[in-house]
Amino acid sequence: MSTATEARSNPLAQIDWDYVEFYVGNAKQAAHYYMSAFGFDQRAYAGPETGVRDRVSYVLEQNKLRFVLTASLVPDDEISRHVMLHGDGVKDVAILVQDTKAAFDMAVAGGARVVLPPTTIEDGLGKLVKATIATYGDTVHSFIQRDGYSGVFAPGFVEARRTIPGTVKPQLQFLDHCVGNVGWGEMDSWGDFYARVFGFSQLVSFDDKDISTDYTALRSKVMTDPRNQVKFPINEPAQGKKKSQIEEYLDFYRGAGVQHMAIRTDDIVATVRALKANGVEFLETPESYYDMLRDRVGQIDEALETLRELRILVDRDDLGYMLQIFTKPLQDRPTVFFEIIQRKGSLSFGKGNFKALFVSIEREQEKRGTL
Ligand code: FE2
């Protein structure tokens, strides 16, 4: 089938990430954090100075990544209620489409709840067509068609370039996947949602045998578009001896929402060094993880000592291997965080690391005689 025919029969066959919008309590300070810690540049702004009375939004960019940080200027609108309930968090994982109306019609035919019907937003620089549907929790997906727009980001925004001097650039490239945490027993129905509404198929799934430890039990299923460009893993908590990390998220976020965004890099060693120089904090990895690493993943290009020094994790599948590391939460509540990921052939989501981390924790326990 030609690309044009495919696009007509499935309007969501040729999609990409457009932007991720966070609702936050103080967008000015959040923007400074993402710029100085993660190396984003400010590109555009909307607020009272540009004729928007009730909110401010900062558009940050880095290579193909685009984040929008939005805060309310009034006490009782949708944004301030979202922040009051969830804390700072991800509101909109927006998708770039070729035809917003066709994508929206397909989503609604698949059972999506409408938040905003197809709407043309225009200024002197052209038109942008946006529609929005609801997904898990209070999270939404906007469809963005921007082929008729030549301005910066969207009508209503003005170009406002700014960088923070002294920031080490980590060269984050683009989103690899965006993970949602949903409630007990809801993973399958949200997986079905992405199949019905987006025409996605299931890439992989992990059950509690794969990623169950005494410390964190969860089930996960990865939904993907036909080009593996936009991947949405869905997690649900599973029963373990201790509280699942997914359940902890649901408690603090007050419901389902985006748990982490994995950001691709071409050189994870340089990226992690830059982020650490900027003060980004990462999760700890036990020393014993690295004692077992060579046996577990075999030959890799990176020096084991460098991975050990930076606490970078490695996983292998039959296609190759991948390197990953997780940041600590990005805001006060232990909710959303980033994963930094470099793929060397592998399509893995790091399944092997759950067990490897668990085994290394047990080794530490063994040393202390507490197993
Ligand atoms: Fe991930």
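1. Examining the overall build of the protein chain
A count of helical and extended segments in the protein chain gives 10 helices and 17 strands. A compact globule built from 371 residues should have a C-alpha radius of gyration of about 21 Å, and the protein chain, at 21 Å, falls within 12% of that. Counting over 371 residues, the protein chain shows a buried share of 55%. Counting only contacts in the protein chain whose residues sit at least 6 apart along the sequence, the fraction spanning at least 24 positions is 67%. Of the accessible surface of the protein chain, which amounts to about 16100 Å², a share of 50% is contributed by carbon and sulfur atoms.

2. Looking at the coordination of the iron ion
Distances from the iron ion to its protein donors, His177 (NE2), His260 (NE2) and Glu339 (OE), fall within 2.0 to 2.2 Å. All donors to the iron ion come from one chain, and their sequence spacing reads H-x82-H-x78-E. Of the two residues, His177 sits in strand 10 (residues 174-181) while His260 sits in strand 14 (residues 257-264), which places them 83 residues apart along the sequence. The pair formed by His177 and His260 is uniform in burial state, with each residue classed as buried.

3. Brief notes about the nonpolar core
In terms of nonpolar packing, the biggest core is built from 83 residues, with Phe22, Phe38, Phe143, Phe198 and Met261 touching the most fellow members. Considering every element that reaches this core, the biggest residue donor is helix 2 (residues 27-38), with seven residues. Setting aside chain neighbours within four positions, we find Met261 in contact with Val20, Phe22, Phe67, Val90, Leu175, His177, Cys178, Val336, Phe337, Phe338 and Glu339. Membership of the second largest hydrophobic core comes to 13 residues, among which are Tyr19, Leu128, Ile144 and Phe157.

4. Topic: the pattern of salt bridges
Close approach of charged atoms allows side chains of opposite charge to pair. Tallied over the full model, the rule gives 22 salt bridges. With a closest N to O distance of 2.5 Å, Asp176 and Arg264 form a salt bridge. Here Arg264 lies in strand 14 and Asp176 lies in strand 10, a separation of 88 residues in the sequence. Residue Arg273 is joined to Glu309 by a salt bridge in which the shortest nitrogen-to-oxygen separation is 2.9 Å. Of this pair, Arg273 sits in helix 7 (residues 268-277) while Glu309 sits in helix 9 (residues 304-310); the two residues are 36 residues apart in sequence, bridging distant segments of the chain. The class of Arg273 is partly exposed, set by a relative accessible area of 39%. Through salt bridges with shared partners, a single network forms among Asp18, Arg43, Glu61, Arg66, Arg146, Glu159 and Arg161.

Rules behind the numbers
Residues numbered from 1 in each chain as written. Predicted model: local features only at pLDDT ≥ 70, side-chain atom pairs only at ≥ 80, totals over all residues. Heavy atoms only, no water. Helix = DSSP H or I, 4+ residues; strand = E, 2+ residues; numbered from the N terminus. Rg over C-alpha atoms; globule rule 2.2 N^0.38 Å. Buried < 20%, exposed > 50% of the residue type's maximum accessible area, 1.4 Å probe, protein only. Contact = heavy atoms within 4.5 Å. Areas by Shrake-Rupley, 256 points an atom, 1.4 Å probe, with all protein chains shown as cover. Donors = N, O, S within 2.8 Å, 3.2 Å for Na, K, Ca; no water. Core = buried A, V, L, I, M, F, W, Y, C linked by side-chain atoms within 4.5 Å. Salt bridge = Lys/Arg side-chain N within 4 Å of Asp/Glu carboxyl O.

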